[in-house]
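Residue-level structural notes
Residue strings, one per chain:
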Amino acid sequence: MKVPLLDLKPQFAQIKEKLVPKLIELMEQQTFILGPAVEKMEKELAEYIGTKYSVGVSSGTDALLISLMGLGIGEGDEVITTPYSFFATAGCIQRVGAKPIFVDIEPDTYNIDVSKIEAAITARTKAILPVHLYGQAVDMNEINAIAKKHKLDVIEDACQAISARYNEKMVGNLGTAACFSFFPSKNLGCFGDGGLITTNNEELYKKMKSLRVHGMESQYFHKSVGINGRLDAMQAVVVSTKLPLLESWSDGRRRNAEKYSSLLSKNKKIGLPVQRADRKHIFNQFILKLKDRDALKNYLSEKNIGCAIYYPLPLHLQECFSYLGKKTGDFPISEEAARTTLAIPIYPELTDEAIKYVSDTINSFSTQNSEKQMSAS
Ligand SMILES: *Cc1c(COP(=O)(O)O)cnc(C)c1O
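Residues numbered from 1 in each chain as written. Predicted model: local features only at pLDDT ≥ 70, side-chain atom pairs only at ≥ 80, totals over all residues. Heavy atoms only, no water.

1. Focus: the overall build of the protein
A tally of regular secondary structure across the protein gives ten helices and 14 strands. Relative to the 2.2 N^0.38 estimate, which gives 21 Å for 377 residues, the radius of gyration of the protein is 21 Å and therefore close to what a compact globule would have. With respect to the principal axes defined by its C-alpha atoms, the protein has extents near 75 × 55 × 35 Å. As displayed, the protein has an accessible area near 17000 Å², and 53% of this comes from carbon and sulfur atoms. One way to put it: in the protein the 46 positive side-chain charges average out to a point 1 Å from where the 44 negative ones average out. (Helix = DSSP H or I, 4+ residues; strand = E, 2+ residues; numbered from the N terminus. Rg over C-alpha atoms; globule rule 2.2 N^0.38 Å. Areas by Shrake-Rupley, 256 points an atom, 1.4 Å probe, with all protein chains shown as cover. Lys, Arg positive; Asp, Glu negative; His and termini not counted. Charge placed at Lys NZ, Arg CZ, Asp CG, Glu CD.)

Here is the structure:
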C-alpha cells in the first residue's frame, strides 16, 4: 500500500463543482489582482477568526513581513521568537533589519517555552513572535501578560494553525496581529501562494493595507515604502470556496490523530503528540518523537509511506544567523526535536486502512529494531 504524506486530490474533488465555474467567471472578467474577490474573502475570514479586520496578502511570509513593517519594527530592534519553526518566522525579523532573539521550546508541544521569555527581554525588545507550531496554540495568556507588563506587541505566526482554538478563542485573535499562510499544504490552502493578516487595531490595519501595495495611499502617491504583497483574486476565490469545509477538515485530522494515538499507544519507543487541555489542536502535522528517527524514516520510505522532518536544523544554527553567535547546545530542546521528530500522513481523507497500515508498519519497525539491538548486545 502507498500512503503519501499529503494528498490534496480528494479535497479538490469535494470543491471542484462549486469552484471551477467561479474561476471561469474570473477568467472571463479578466480581473486578477485584489478587487472584490479578495475583499469578500477578507470579510469572510475576519468573521471566521473573529477579528475586526483582515488583509489578504501574497504569502504567509509577506504577512509576517508586513506585520513587522506595520508595527514600525526595524533597525536596532529585537523580536523574541522560537528557534524551532519554518525559516520565514526568523527570516522576516532579519529582513526588516531587526534581530531575532531565540528562546527555547517545550519538549512536549514544541512551542516556545513561555517561562523563558522574560529573561530574554532587553530595552531593545519590541515584540514577541510566537508560532502555533504544527497546529497547537502557544500559551497566549502568559505571552500577553508578559507583553503587557513590558509594553510589547505580539504577532502570532498562525501559518500552521488556522481553525485551532485557545480557551475556546480562535487562534489569530489573540495578539496585536496574526499571520496566516494559504500555502497548499496548510489546513486552508489555495492553488499557489497566498496569506492573510488579522488584527483588531484600525490604525495598524490601514498601515498594513497600504504597505501591501508599495505604501501607496492614493493612486501613485506614497507616504512610505512598502512591498508588492498583493493577493490574486483566483487564490481568494479558492480560499472562499474552501472555508465552509475547513472545520470538517480540521476535525477529520483530529479524528485521525486519535486513531493513530490508540494504535501506537502501546509502542514504548515512540513519543506521541501532546495536547494541552485548554487547546484545540488542528494537526497540520502529526509528529512522532523517537531516538531512531532516521532509521524509521528510511524504513517508512521503503514501505511507500510518506514522512518528513520539520525541521532538521534549528534556526539558531542556520548559516545566515551565525552572526548572532549562537552554537550547538544553546537551545538543547530545539536541537533534540530536530534530531528526533518525524511527521507522518494526517490529512483528513486518509482511510482507516491507511492509518492502520502506517501504524502497523511503525510498530513492526520498533519490534524489528529492538530485536536487532538485542542480538547486537
Ligand atoms: C508556512 C509557514 C510560513 C510561511 O508561509 P508561506 O505562505 O509559505 O510564505 C511561516 N511560518 C510558518 C510557521 C509556516 O508554517
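Here the narrative resumes.
2. Section: the site of the ligand
In the vicinity of the ligand, 13 residues are found, and the nearest of them are Gly60, Thr61, Asp157, Ser181 and Lys186. Asp157 has a polar side-chain atom sitting 2.8 Å from a nitrogen atom of the ligand. Ser181 is positioned such that a nitrogen or oxygen atom in its side chain is 2.6 Å from an oxygen atom of the ligand. When the free accessible area of the ligand is taken as 380 Å², the share hidden by the protein chains comes to 93%. (Near = heavy atom within 4 Å. Polar contact = N/O pair within 3.5 Å; in protein donor to acceptor, adjacent residues only side chain to side chain.)

3. Observations regarding helix H6 (residues 202-212)
Residues of H6 that are buried: Leu204, Tyr205, Met208, Ser210, Leu211 and Arg212. If you follow the buried residues of H6, they end up packed against helix H2 (36-49), strand S1 (53-57), helix H3 (60-70), strand S8 (177-181), strand S9 (195-199) and strand S10 (216-218). Looking at where H6 begins, the residue whose side-chain oxygen comes 3.0 Å from the main-chain nitrogen of Glu203 is Asn201. Immediately beyond the C-terminal end of H6, within one or two residues, lies His214, with a positive phi of roughly 60 degrees. (Buried < 20%, exposed > 50% of the residue type's maximum accessible area, 1.4 Å probe, protein only. Contact = heavy atoms within 4.5 Å.)

4. Observations concerning the pairing of strand S5 (residues 153-157)
Counting buried residues in S5 gives four out of five residues, a clear majority hidden from the surface. Where strand S4 (residues 125-129) meets S5, two bridges bridge the pair, whose relative direction is parallel. For Ile128, the partnering residue across the bridge sits in S5 and is Val154. With helix H5 (residues 140-150) bridging S4 and its parallel neighbour S5, the resulting β-α-β unit is right-handed. Bridge count between S5 and S8: three bridges; the pairing is parallel. Counted as the bridge partner of Ile155 is Ala177 from S8. (Pairing = 2+ DSSP bridges. Right-handed = clockwise from strand over helix to strand, strands pointing away.)

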